[in-house]
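Topology and contacts: notes
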Amino acid sequence: MNLERQVDRDIFFVSNSVNELGGITSWSHQMARLFVERGHRVHVIGITDPGVPQDVGTDLPYPTTTLYDEHPPRVGPARGVKGRLNVAEHRLRARREAGMHEQAAKLTALFAQARPGAVVIVTQVWAMEWVELADTEGLLVIGMSHESFAYSRACSRFGRVRKHYKDVDRMLALTREDADLWIRQGLDNASFMPNPLPFMPEVPSQRTEKVVTSIGRLHDQKGIDMLLDTWAEVAPLHPDWKLRIYGSGEDEEILKKQCTALGLDGSVEWMGRTSDVPGALRGGSVFVQSSRGEGFPLALMEAMATAVPCAAFDCAPGVHEIVQDGVDGLLARLGNTGELARRLDTLMSDKELRDRMGELGRVNIQRYTTEAVVRRWEELFAFLER
């Protein structure tokens, strides 16, 4: 990597948790390491400890801080007269608010130690509620949404993004398409920044194993239930192939029951979580992603970097920005399991196509190298400072 730099900065990453299982944690620590390599001082901050932790290692070249010793009280909005008159709810809400100000004061103390030109990158909008309460005078504040506009719009985060990111120096989506949609919602500060390629393995997949690989949490968002429905159509056509599912999560038991009910136990292998993603990908010849919603999915990028051709639901702008349908991968309409099954069948039936798309994907994905993305971040910092 080119280590030339213009300004050494203090950079704070503020997330829901320092080590919550998921792509945002992987992204945060990857970017933190990249910025340290560029000579910046980095501090990774989480609001609370996670429900499901992720191993981020112990040799981190930067400090981490978690604000709360225990999770703050969960309080919903006070709805109607009855809700506003509920004494217990009112006390809980007051305790939560007092706790938020107390923890925001810790953020203020950390920010106060920063040198001029410091940047606060808020990776999740829930964490922004604490950053808002802290003193960020003289700091650049960047708020991020790591999911597609459409997926955000379907949940409570949509309103929170519009409320809590409206006054930050820059609100970053993951694609230009999503940034334009946020601008139409009144966020004139919206722009976009893609994720960097997590790794570029020296040894790609040889695509010789009759294995389709899936990597992701066993959670509704990742659509493993739809993947099993898809595989029920594909498996009879390719009885010598296996579907290898890497991941763990709260839906594991119900998904395994679905697998059994579909008669797929003989062709589906449940691998659990893996710490060797390149190895898992090298063990397959096709990668499948069945998510209901994504931002700029790291798993797709990792598969392409490993020269494994992808079949995926086109569930977000980030997906069709990464995969060029019909060129270096195949896309299906979101939720159309029959269409995804046909895309898988096409790749599984044609080794020449697999090889061509796999090798082309490995070349094309290099437009998101760490060097290119970090340079874009540096340019953004300099622009906002001006």
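One can find the structure itself at the top, above this paragraph.
Being a predicted model, the structure only gives us computed values, none of them experimental.

Remarks on the sheet that holds strand β9 (residues 242-246)
The 6 strands lie next to each other as β10-β9-β8-β11-β12-β13, forming an open sheet whose pairing is parallel. At either margin of the open sheet sits one strand with a lone partner, and together these are β10 (268-272) and β13 (329-332). The sheet shows a mean angle of 20° between the axes of neighbouring strands, direction not considered. Summarising the sheet, β9 and β10 pair through 4 bridges and their orientation is parallel.

Examining the pattern of salt bridges
For the structure shown, the criterion picks out 21 salt bridges. Residues Glu378 and Arg38 are paired through a salt bridge, measuring 3.1 Å at the closest nitrogen-oxygen approach. Placement of the pair is Glu378 in helix α15 (residues 370-385) and Arg38 in the loop between α1 (23-37) and β2 (41-46), with a sequence separation of 340 residues. For Glu378, a relative accessible area of 13% puts it in the buried group. Measuring nitrogen to oxygen at the nearest pair gives 3.4 Å for the salt bridge that ties Lys166 to Asp167. Assessed through its relative accessible area of 65%, Asp167 is described here as exposed. The network of salt bridges with shared partners includes Arg207, Lys351, Asp355 and Glu359.

Structural notes on the packing of aromatic side chains
Counting across every chain of the model gives 13 aromatic pairs. Where Phe296 meets Tyr368, the ring centres are 5.2 Å apart and the plane angle is 85°; that geometry is what we call edge-to-face. Here the residue Phe296 occupies a position in the loop between β11 (286-289) and α11 (298-305), and Tyr368 occupies one in the loop between α14 (351-364) and α15, the gap between them amounting to 72 residues. The exposure classification of Phe296 matches that of Tyr368, with both residues buried. Plain terms: the ring middles of Trp377 and Phe381 are 5.8 Å apart, the flat faces sit at 50° to each other, and that makes the pair tilted. Here the residue Trp377 and the residue Phe381 both occupy positions in helix α15, the gap between them amounting to 4 residues, near one helical turn. Three or more aromatic residues joined by ring pairs make a cluster, and in this case those are Phe13, Trp27, Phe35, Trp377 and Phe381.

Reading the values: rules and limits
- Residues numbered from 1 in each chain as written.
- Predicted model: local features only at pLDDT ≥ 70, side-chain atom pairs only at ≥ 80, totals over all residues.
- Heavy atoms only, no water.
- Pairing = 2+ DSSP bridges.
- Helix = DSSP H or I, 4+ residues; strand = E, 2+ residues; numbered from the N terminus.
- Axes fitted to C-alpha atoms, helices over the stretch in contact; angles between N-to-C directions.
- Salt bridge = Lys/Arg side-chain N within 4 Å of Asp/Glu carboxyl O.
- Buried < 20%, exposed > 50% of the residue type's maximum accessible area, 1.4 Å probe, protein only.
- Phe/Tyr/Trp six-rings, centres within 6.5 Å; stacked < 30°, edge-to-face > 60°.

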